[in-house]
Amino acid sequence: MKTSIIILTHNQLDYTKQCIESITKYTREGSYEIVIVDNHSTDGTVEWLKQQNNIKVIFNKENLGFPKGCNQGIEIATGENILLLNNDTIVTKNWLDNLLTCLYSSDDIGAVGPVTNSAAYYSTIPVSYTSIDEMHQFAASYNVSDSNKWEERLKLIGFCMLIKREAIDKVGLLDERFTPGNFEDDDYSVRLRKAGYRLILCKDTFIHHYGSVSWKKNVNAYSKVLTENEKKFKEKWGTDSNSYRIDHEMVELITASKEKAIQVLHIGCGSGGTLLKVKHEYPLAQLYGIENNPFSIEEANRFAKVTSSFEDEEIRKRKFDVILFSDSDFKLDESLLKFVKERLKKNGIFIAKVPNIGHYLVIQDLLNGHNPFVKHNMYSFSQIENLLKNAGFKISISGLKPFISDDQQQFINQLIAVCGDAIRPMLESSYFLVSGQLENGQLLSLLNKLASEQSNDPKVLEELNHYPTKHIITTIKEKYNSPVTMFNQIAIKNFAAGYHKHVLPYLQAAFEEEPDHTDTLYNLAFVLNAYGEKQLANRYLSLIKNPDDKVQKLFEEINERPLKKIQELTFLLRRLEFDIDLEETKQMIVHKFAQNEIEEPLIKEVINTSIIDKIKVLQSLAIICFEQGLHEQVLPYLRAAYELDKTNVDTLYNLGYVLLYYGENELAEKFLQQIQQPDEQVLDLLKVARGESLR
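Because the structure is a prediction, the values reported are computed rather than measured.

Novice: Would you mind going over the overall build of the protein with me for this structure?
Specialist: Across its full length, the protein carries 32 helices and 17 strands. Projected onto its principal axes, the C-alpha positions of the protein cover 85 × 75 × 55 Å. A buried classification covers 49% of the 695 residues belonging to the protein. Taking contacts inside the protein between residues at least 6 apart in sequence as the whole, the part at least 24 apart equals 71%.

Next comes the structure, spelled out in structure tokens:
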């Protein structure tokens, strides 16, 4: 099976070279063809492309834009799959194989795409690499095919989109009304879904994306095209990009069991992006929505039951575990909350994301003479708080703070100078995230059972943890004379049961309630020590005014264990250095690695302070890790040895060997070439690195 990789170029030759080099290096030979469509480059790209003999090229005499150029490439492509790829990308190990595995895992999957460091529509993941070499190391460990990391999406981004040829034959080419570019991928995603195909974001596949390099030189032009093409998209389909939003913050507040068939209603669901995220996180969930836009209803109805009426029979006959609200078309008022109360289960949760009327951009809009309230419903903090409390909800409200530029921060500071710093959270929060539950006796009953010394029923704690932590903390403060005791009790029971995410919030609440409470300080120290936060554990212990023997014992345990670990590690590394009972020593080190008892920073610290032949020990550790499949730890030790002596033959050979194993032939060759008097083994490795045959 062949994949035709379509790449458009318009200048930016350096990016194009990097992209094509990465394709040839990290894609199986014979599994692809490269089709370049050049939109009248003037920087030497045309001349360079003419020298390439393994690429199909179309040379346009003018810049025809992205959609037209892609269509030209598709028309001459011969592959069973079409992959639209930006020239400002660098592909990585296993990238195409992983994408193909997902694409052909089901007949109804029409297109797939990877995650990256820079792209729109929630396609990015956090990365920490600072160079392309580090990026490839990151990607090599990240790109492990895993169907559990595939997530259905309403749309995919065209920087890298792999599409079945049969889907293109059914749907047609890209819509050229979106020239020069932007929203043609949104449009194509809609058309694929209308044709019955699903779209999948492959979170098991990462490629690097520099990001819109062709537009960066003219931001104003880019913004104008974006606005114009969104208008065209809305004229064609009757909705805008906001319809496809995914409210991750709301989904994160759902605390139900993944194995439970929860019933979820989203008021103002748009085209269903948030509901689709709920489906991914809670596979058994039954999904419902209320939405005004006819096109959005059609989109969301492919995987949920969506209606335009609050009186719909399917909605009216059900009680919901979760009701979500996030749309300015519907007003959050007493009437809507009455509906929510009628349809919410006794222990159900209402989650809302509503625009903040006090956000600095709203104030700027007013000062500029506009009326932002014409198109959007907006709310103040006190308005939301009073509205839900009067309706009988126990609530928590937090602000969602977007990115703020330096100029915007300056405007905020000017307002604060007039009104005081207390208004800062209100000015900076673009939305309020609200979660609420109706007052009922079930939560209090669970707390009372948990408080009873006779109750050790694990189901009580498990059921309690389905409630939002903030609601439980508020209830305890209101209903119990000694909330600190209750907070500590819940925290310790959760710790003992292994529900670790439910431990520290209660201990923190206890600390905020009574900062010098001895039991709280001891429990914080005990738990933090167990989580490896020894420095913080010591800090809480030091706040105990009258430490008893139990406190002293914990202090000794916290501070003696690291010393004992260092002593044991020093003993093992010295045995490795002097070849004492070598096999037994290696087995002991492997056991330490397997139990996560020793970490790379501590090992390097001990080597630096207590080992004479540092290079020998670093090489030995690298070999042990390599043999045991602990590949993330191999290169760090070899690099450390290389930094100590860049001429050491054993280090250079080992670096060459493992880099070849990892597919980094070019880098392996560089290290092997540094060996001054190469023997036969080194020469053989060099031949492998260069792709030459061994005789």
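Now that the structure has been shown, the text picks up again.
Novice: Just to check I follow, could you spell out unusual backbone geometry for this structure?
Specialist: One can expect most non-glycine residues to show negative phi and most peptide bonds to be in trans. For the peptide bond that leads from Thr179 to Pro180, omega is 5°, which places it in the cis range. By the secondary structure assignment, Pro180 is in the loop between helix H6 (165-171) and helix H7 (184-194). The residue Asn11 is not glycine, and still its phi comes out positive at about 60°. Along the chain, Asn11 turns up in the loop between strand E1 (3-9) and helix H1 (13-26). Even without being glycine, Tyr122 reaches a positive phi, approximately 55°.

Novice: Just checking my understanding: could you explain the nonpolar core for this structure?
Specialist: One broad rule of soluble globular proteins: the nonpolar side chains tend to lie buried together. Ile7, Ile23, Leu83, Leu85, Trp95, Val112 and Val278 are the most contacted members of the largest nonpolar core, which has 65 residues in total. If we ignore the near neighbours within four places in the chain, the residues touching Ile23 are Ile5, Ile7, Tyr32, Ile34, Leu85 and Val91. Grouped together as the second largest cluster of nonpolar side chains are 42 residues, Ile603, Phe626, Ala640 and Leu655 included.

Novice: Help me out: how do you make sense of the sheet that holds strand E6 (residues 109-115) in this one?
Specialist: By way of backbone hydrogen bonds, the strands of a sheet pair with one another, either parallel or antiparallel. Judged by pairing direction, the sheet is mixed, and its eight strands sit side by side in the order E3-E2-E1-E4-E8-E6-E9-E7 without closing on themselves. Both outer strands of the open sheet, strand E3 (55-60) and strand E7 (150-153), are each paired with one neighbouring strand and no more. For this sheet, the mean angle separating the axes of adjacent strands, direction not counted, is 25°. In the sheet, E6 pairs with strand E8 (residues 160-164) via two bridges, with the strands oriented antiparallel.

Novice: So what exactly am I meant to see when it comes to the pairing of E6 here?
Specialist: The side chains of a regular strand alternate, residue by residue, between the two faces of the sheet. Judged by how many residues are buried, E6 sits mostly within the fold: seven of seven residues are covered. Here six bridges tie E6 to strand E9 (residues 198-206), and the two strands are oriented parallel to one another. Looking at E9, one finds that Ala111 is bridged to Leu199.

Novice: Is there a simple way to think about the pairing of strand E16 (residues 393-400) in this case?
Specialist: Of all eight residues in E16, six are buried, a share of seventy percent or more. Inspection of the sheet shows E16 paired to strand E17 (residues 431-438) by eight bridges, in the antiparallel sense. Paired with Ile397 across the strands is Val434, a residue of E17.

Novice: Explain the sheet that holds strand E11 (residues 263-267) here, please?
Specialist: Taken in spatial order, the seven strands line up as E13-E12-E11-E14-E15-E17-E16 in an open sheet, and their pairing is mixed. With partners counted over all chains shown, the strands left at the sheet margins are strand E13 (305-307) and E16, one partner each. Direction aside, neighbouring strands of the sheet carry axes that sit 15° apart on average. Inspection of the sheet shows strand E15 (residues 344-355) paired to E17 by six bridges, in the antiparallel sense. Note on E17: the bridge partner recorded for Pro355 is Tyr431. Strands in contact with helix H10 (residues 273-281) are E11, strand E12 (286-290) and strand E14 (320-325); relative to E12, the strand with the most contacts, it is inclined by about 170°.

Novice: Explanation requested: a nonpolar patch on the surface in the structure shown.
Specialist: A cluster of nonpolar side chains, Ile357, Leu366 and Phe373, forms an exposed patch at the surface whose accessible area comes to about 230 Å². Along the chain, Ile357 falls in the loop between E15 and helix H14 (360-367).

Novice: Before we go on, may I ask you to explain the packing of aromatic side chains in this structure?
Specialist: Within a pair of aromatic rings, the relevant descriptors are the distance that separates the centres and the angle that separates the planes. In total, this model carries 25 aromatic pairs according to the counting rule given. Three or more aromatic residues joined by ring pairs form one cluster here, namely Phe626, Tyr653, Tyr657, Tyr661 and Tyr662. A cation over an aromatic ring shows up here: Lys155 above the ring of Tyr121, its NZ or CZ 4.8 Å from the ring centre. When the ring centre of Tyr431 is taken as reference, the NZ or CZ atom of Lys353 above it lies at 4.9 Å.

Novice: Would you mind showing me how to read the environment of Lys194 here?
Specialist: Mapping Lys194 onto the fold places it in helix H7. Sequence separation of Lys194 and Ile598 is 404 residues, and the distance between their C-alpha atoms is 54 Å.

Novice: I'm lost on the pattern of salt bridges in this one. Help?
Specialist: If the charged atoms of two oppositely charged side chains come close together, the side chains can form a pair. Under the defined criterion, the tally for this structure stands at 42 salt bridges. Glu664 is the salt-bridge partner of Lys25, the closest N and O atoms lying 3.7 Å from each other. Of this pair, Lys25 sits in helix H1 while Glu664 is found in the loop between helix H30 (649-661) and helix H31 (665-672), placing the two residues 639 residues apart along the sequence. With a relative accessible area of 15%, Glu664 lands in the buried category. Taking the shortest distance from any N to any O, the salt bridge between Asp247 and Lys353 comes out at 3.1 Å. Of this pair, Asp247 sits in the loop between helix H8 (219-237) and helix H9 (248-252) while Lys353 sits in strand E15; the two residues are 106 residues apart in sequence, bridging distant segments of the chain. Here Asp247 matches Lys353 in class, with each residue buried. Through salt bridges that share partners, Asp108, Glu152, Arg193, Lys194, Arg198, Lys279, Glu298, Glu299 and Arg302 make up one connected network.

Novice: What am I meant to see in the side chain of Asn465 here?
Specialist: Note on placement: Asn465 falls in the loop between helix H19 (458-464) and helix H20 (469-479). Polar side-chain contacts of Asn465 include one of 2.9 Å to the side chain of Asn494. Discounting residues that sit within four places of it in the chain, Asn465 has contacts with Thr255, Asn494, Tyr499 and His502.

Novice: Hey, could you run me through the state of the cysteines in this one?
Specialist: Here a disulfide denotes a covalent bond joining the sulfur atom of one cysteine to the sulfur atom of another. Using the criterion set out here, one finds zero disulfides in the structure. As a non-bridged cysteine, Cys160 has Cys19 as the owner of its nearest cysteine sulfur, 9.2 Å distant.

Scoring rules and cut-offs
Residues numbered from 1 in each chain as written. Predicted model: local features only at pLDDT ≥ 70, side-chain atom pairs only at ≥ 80, totals over all residues. Heavy atoms only, no water. Helix = DSSP H or I, 4+ residues; strand = E, 2+ residues; numbered from the N terminus. Buried < 20%, exposed > 50% of the residue type's maximum accessible area, 1.4 Å probe, protein only. Contact = heavy atoms within 4.5 Å. Core = buried A, V, L, I, M, F, W, Y, C linked by side-chain atoms within 4.5 Å. Pairing = 2+ DSSP bridges. Axes fitted to C-alpha atoms, helices over the stretch in contact; angles between N-to-C directions. Patch = residues over 30% accessible without salt bridge, like charges linked within 9 Å, V, L, I, M, F, W, Y side chains within 5 Å. Areas by Shrake-Rupley, 256 points an atom, 1.4 Å probe, with all protein chains shown as cover. Salt bridge = Lys/Arg side-chain N within 4 Å of Asp/Glu carboxyl O. Phe/Tyr/Trp six-rings, centres within 6.5 Å; stacked < 30°, edge-to-face > 60°. Lys NZ or Arg CZ within 6 Å of the ring centre and 35° of its normal. Polar contact = N/O pair within 3.5 Å; in protein donor to acceptor, adjacent residues only side chain to side chain. Disulfide = S-S within 2.5 Å.

Just geometry here; none of it tells us what the structure is for.
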